[in-house]
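Now for the letters of each chain:
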Amino acid sequence: MKISLVVCNVCQDPKKPTRQYRVASEGRSMVADLCKEDGAPIEQLFEKQPTTTRTRRQQSQVTSMEEIERLKNKGTKKP
Ligand SMILES: [Zn+2]
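Below is a short write-up of the structure.

What counts, and at which threshold
- The residue numbering used here restarts from 1 in each chain and proceeds along that chain's sequence as written.
- Per-residue local features are limited, in this predicted model, to residues with pLDDT of at least 70; the limit for side-chain atom pairs, both in listing and counting, is 80 or more; totals at the level of whole chains, interfaces and linings are taken over all residues.
- Secondary structure elements are taken from DSSP: a helix is a run of H or I of four residues or more, a strand is a run of E of two residues or more, and numbering for both begins at the N terminus.
- We call two residues in contact when their backbone-placed C-beta atoms lie within 7 Å.
- Should DSSP find at least two bridges between two strands, the strands are regarded as paired.
- Partly exposed residues are those whose C-beta has more than 12 but fewer than 20 other C-beta atoms within 10 Å; 20 or more makes a residue buried and 12 or fewer makes it exposed, with C-beta atoms placed from the backbone.

**Concerning the overall build of the chain**
Part 1 of the argument: Helix and strand counts for the chain come out as 3 helices and 2 strands.
Part 2 of the argument: A separation of at least 24 residues holds for 26% of the contacts in the chain among residues at least 6 apart in sequence.

**A closer look at the pairing of strand E1 (residues 18–25)**
Part 1 of the argument: For E1 and strand E2 (residues 28–35), the ladder comprises 8 bridges, and the chain directions are antiparallel. Bridged to threonine 18 within E2 is cysteine 35.

**Here we look at unusual backbone geometry**
Part 1 of the argument: Residue glutamine 12 is not a glycine yet carries a positive backbone phi of 55 degrees.
Part 2 of the argument: Of note, glutamine 12 is situated in the segment before E1.
Part 3 of the argument: For glutamine 12, a count of 11 C-beta atoms within 10 Å puts it in the exposed group.
Part 4 of the argument: We note that glutamate 26 has phi near 45 degrees; this positive angle belongs to a residue other than glycine.
Part 5 of the argument: Overall, glutamate 26 belongs to the exposed group, with 5 C-beta atoms counted inside 10 Å.

Structure representation (structure tokens):
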């Protein structure tokens, strides 16, 4: 019997579940499998990215730039 197991590229701990990331930078690209801990810096980037579905829930609580501009215009606009 053969078992293939995906382990984290960094810590290679077979007990930790991994998530696959595609990383690209300056012409180089790779697919990395990272556990929760080692993928945390990348997950942080996703959290700061406003277009992802992960942060869509948060976004509704935060005033967007468009909203701010609209409010600004409303305040300064003379009738
Ligand atoms: Zn790891």
